[in-house]
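Results of the structural survey
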Amino acid sequence: MDQSRIDTVIRQLETLPTLPSVAARLLRLTASNSTANAREISRIIESDQAIAARILRLVNSPHYGFGRPVGTVGEAVVLMGLEAIHSNVLSIQVFDLFAQSGEGAFDRRGFWKHALAVGCCTELLAQELGGRERDSAFVAGLLHDIGKVALDVCFPADFARAMTLVSERGMPSVLAEQREVGADHTLVGKRLAEAWHLPDDLVRVIWQHHQPLSTGDDRSLGANLVRLVHGQNDGAIFGLF
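Residues numbered from 1 in each chain as written. Predicted model: local features only at pLDDT ≥ 70, side-chain atom pairs only at ≥ 80, totals over all residues. Heavy atoms only, no water.

Before going further, it helps to spend a moment on the pattern of salt bridges. Across all of its chains, the model carries seven salt bridges by this definition. Here Glu-75 ties to Arg-68 by a salt bridge, and the two come within 2.5 Å at their closest N and O atoms. One salt bridge connects Glu-194 with Lys-190, and the closest N-O pair in it is separated by 2.8 Å. With Glu-194 and Lys-190 both in helix α12 (residues 185-195) and four residues apart, the pair spans about one turn of that helix. Judged by its relative accessible area of 35%, Glu-194 is partly exposed. What you see here is one network of salt bridges that share partners, running through Asp-158, Arg-161, Arg-179 and Glu-180. (Salt bridge = Lys/Arg side-chain N within 4 Å of Asp/Glu carboxyl O. Helix = DSSP H or I, 4+ residues; strand = E, 2+ residues; numbered from the N terminus. Buried < 20%, exposed > 50% of the residue type's maximum accessible area, 1.4 Å probe, protein only.)

This paragraph deals with the environment of Gly-182. With respect to the element layout, Gly-182 can be found in the loop between α11 (173-180) and α12. What makes Gly-182 buried here is its relative accessible area of 7%. Sequence separation between Gly-182 and Arg-5 is 177 residues, and the spatial gap between their C-alpha atoms is 5.6 Å.

So, on to the side chain of His-185. One can find His-185 in helix α12. Taking relative accessible area as the criterion, His-185 reaches 0% and is therefore assigned buried. A distance of 3.1 Å separates polar atoms of two side chains, one belonging to His-185 and the other to Asp-145. A distance of 3.2 Å separates polar atoms of two side chains, one belonging to His-185 and the other to His-210. (Polar contact = N/O pair within 3.5 Å; in protein donor to acceptor, adjacent residues only side chain to side chain.)

When two helices pack together, their arrangement is given by the angle between their axes and by how far apart the axes lie. The geometry of helix α10 (residues 156-169) relative to α11 is characterised by a closest axis approach of 8 Å and an angle of 140 degrees between their N-to-C directions. As summarised for this structure, α10 and α11 are arranged oblique, according to the angle between their axes. For the crossing formed where α10 meets α11, the hand is right-handed. Facing α10, whose interface residues are Asp-158, Phe-159, Arg-161, Ala-162, Met-163, Leu-165, Val-166 and Arg-169, α11 presents Ser-173, Ala-176, Glu-177, Arg-179 and Glu-180. Here the contact of α10 with α11 is composed, by residue class, of six nonpolar, one polar and six charged. (Axes fitted to C-alpha atoms, helices over the stretch in contact; angles between N-to-C directions. Parallel < 35°, antiparallel > 145°, perpendicular 65-115°, else oblique. Left-handed = near helix turned anticlockwise from the far one by under 90°. Contact = heavy atoms within 4.5 Å. Nonpolar A, V, L, I, M, F, W, Y, C, P; charged D, E, K, R; others polar.)

Atom-level detail of predicted coordinates should not be read off regions where pLDDT is low. When the pLDDT values of the protein chain are averaged, the result is 82; 86% of them are 70 or greater. Ranking the elements of the protein chain by mean pLDDT puts helix α1 (residues 3-12) last, at 74, and α11 first, at 94. Taken as a whole, residues 235-241 scores under 50 in pLDDT and shows 17 contacts with residues more than four places along the chain or in a different chain. (pLDDT = per-residue confidence, 0-100.)

Let's shift gears to helix α4 (residues 49-59). All of the buried residues in α4 are Ile-51, Ala-52, Ile-55 and Val-59. When α4 is viewed along its axis, its buried side chains cluster within an angular range of 100 degrees and face the same direction. In α4, the exposed residues that point more than 90 degrees away from the buried face are Gln-49, Ala-50 and Arg-57. Check the buried side of α4 and you find it contacts α2 (21-29), α3 (38-46), α5 (73-80) and α6 (82-98). The backbone nitrogen of Ala-50 lies 3.1 Å from a side-chain oxygen of the residue at the head of α4, namely Asp-48. (Arc of directions from axis to C-beta.)

Quick look at the side chain of His-209 now. Inspection of the secondary structure assignment puts His-209 in the loop between α13 (200-208) and α14 (221-234). Among the residues examined, His-209 registers a relative accessible area of 0% and is labelled buried. Within the structure, His-209 has its side chain in polar contact with the backbone oxygen of His-144 (distance 3.4 Å).

Examined against the element boundaries, Ile-85 turns out to sit in helix α6. A residue is classified by how much of its surface remains accessible, and Ile-85, at 0% relative accessible area, is buried. Considering only alpha carbons, one finds Ile-85 and Leu-27, 58 residues apart in sequence, at a separation of 8.7 Å.

Moving on, we get to the state of the cysteines. Using the criterion set out here, one finds zero disulfides in the structure. With no disulfide of its own, Cys-121 lies 6.8 Å from the sulfur of Cys-120, the closest cysteine sulfur. (Disulfide = S-S within 2.5 Å.)

Next comes the structure, spelled out in structure tokens:
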């Protein structure tokens, strides 16, 4: 890839929206190494009515199935746990930022369907395997291709040509994006995730999900998440660990 073109692409990313301040504070406080308590997290969520409503709707959904109504944010935080709050707030905010239909050749609706499917399947596989990555698996699968949306926003014409190469010639998306845009969605997604100060493990998934990692000595959370998402995204579901 041409470095000058990559630099141009990266500069263009500065025009993308940033995460809202409330969401950014929540993500920092709910990170795995944080000492925040449930009461502090609850107060921040309650300061944003939209996030609070979405969290309450989620905790009362069949997905969690607590069997009784949960009426307060504080109770929701305790029942769901900080990992789940972290993943769901991040998912909600990124989806809201980029969920617009768009008018170009990129099928934004199809993109989110794929992202949701990968997220759900990755979470199910992580639960089946019983590893420590199961709490982060859904959001890793959901956001792995976020660089594609960034390319569509910043370079709609170039990205549309890349999508045509994918659909009509069967060219791998990474190669098509490098040819038409000058940088692919894995690199752009990595830079965007870093700009948003997302957790390092999630940045790694966004960057490396097209790279089939060996089962070698790297058993870190980030490496395991990459293997999970790569398997779900590319269909190589078995033999991941």
